[in-house]
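# Reading the structure
Listed here are the chains, written in short residue letters.
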Amino acid sequence: MSLDPATLATILAMMAATVFTRFSGAFLVRRLKPGAGAEKALATVPPAVLMAVVAPTAFATGWPETIGCLVVVVAALRMSLLPAAALGVVSVALLRAAGL
């Protein structure tokens, strides 16, 4: 197996861009104090990302997945996103096991 130099350069450039983005974001958060408006805007990002991931699954798959997505949406209103997603996964597994 051989590795094309252009492919390697692309992979390394993407890695560098990812590392730069993560470290510069952490650096800026430590150095700058966002205003109330910026904090409110940033607080909407995780739910928006969750909906962007959940919506295609809800509309393009079967009933267990659609119901699981609804569980995630309702749970995300009451708890943090990780437990809400876990609850959705468990509900899909249970619905599939039940034969739905």
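Here, the structure is the one placed above.
Reference entry: report on the structure contained in this document. On a predicted model such as this, the values are computed, not experimentally measured, just so you know. (Residues numbered from 1 in each chain as written. Predicted model: local features only at pLDDT ≥ 70, side-chain atom pairs only at ≥ 80, totals over all residues. Heavy atoms only, no water.)

Compared with the 24 Å implied by 1.5 Å per residue over 17 residues, the 24 Å span of helix α5 (residues 81-97) between its first and last C-alpha is a close match. The set of residues buried in α5 consists of A84, G88, S91 and V92. An end-on view of α5 places all buried positions within 100° of arc, on one side of the element. Residues of α5 that are exposed and point more than 90 degrees away from the buried face comprise L82, V89, L94 and A97. Residues of α5 that are buried make contact with α4 (63-78). (Helix = DSSP H or I, 4+ residues; strand = E, 2+ residues; numbered from the N terminus. Expected span 1.5 Å × (residues − 1). Buried < 20%, exposed > 50% of the residue type's maximum accessible area, 1.4 Å probe, protein only. Arc of directions from axis to C-beta. Contact = heavy atoms within 4.5 Å.)

Here we come to the packing of helix α2 (residues 36-43) against helix α3 (residues 45-60). Close contact between α2 and α3 brings their axes to 5 Å; oriented N to C, the two are set at 25°. Between α2 and α3, the crossing angle belongs to the class labelled roughly parallel. Contacts between α2 and α3 involve A41, L42 and A43 from the former and V45, P46 and P47 from the latter. Counted by class, the contact of α2 with α3 contains six nonpolar, no polar and no charged residues. (Axes fitted to C-alpha atoms, helices over the stretch in contact; angles between N-to-C directions. Parallel < 35°, antiparallel > 145°, perpendicular 65-115°, else oblique. Nonpolar A, V, L, I, M, F, W, Y, C, P; charged D, E, K, R; others polar.)

The next thing to look at is α3. With 16 residues, α3 should reach 22 Å at 1.5 Å per residue; the first-to-last C-alpha distance of 24 Å fits that figure. Most pronounced at V54, the bend in α3 amounts to some 25°, and the proline P56 follows within four residues. Considered for burial, the residues of α3 that qualify are L50, V54 and A58. Those residues of α3 hidden inside the fold are in contact with α4 and α5. (Bend = angle between axes of the 7 residues up to and from the residue.)

Moving on, we get to the nonpolar core. Ranked by size, the top nonpolar core spans five residues in total: L50, V54, A58, C69 and V72. At the level of elements, α3 and α4 are the ones that each hand at least two residues to this core. Broken down by element, the residue count for this core peaks at three residues, all from α3. (Core = buried A, V, L, I, M, F, W, Y, C linked by side-chain atoms within 4.5 Å.)

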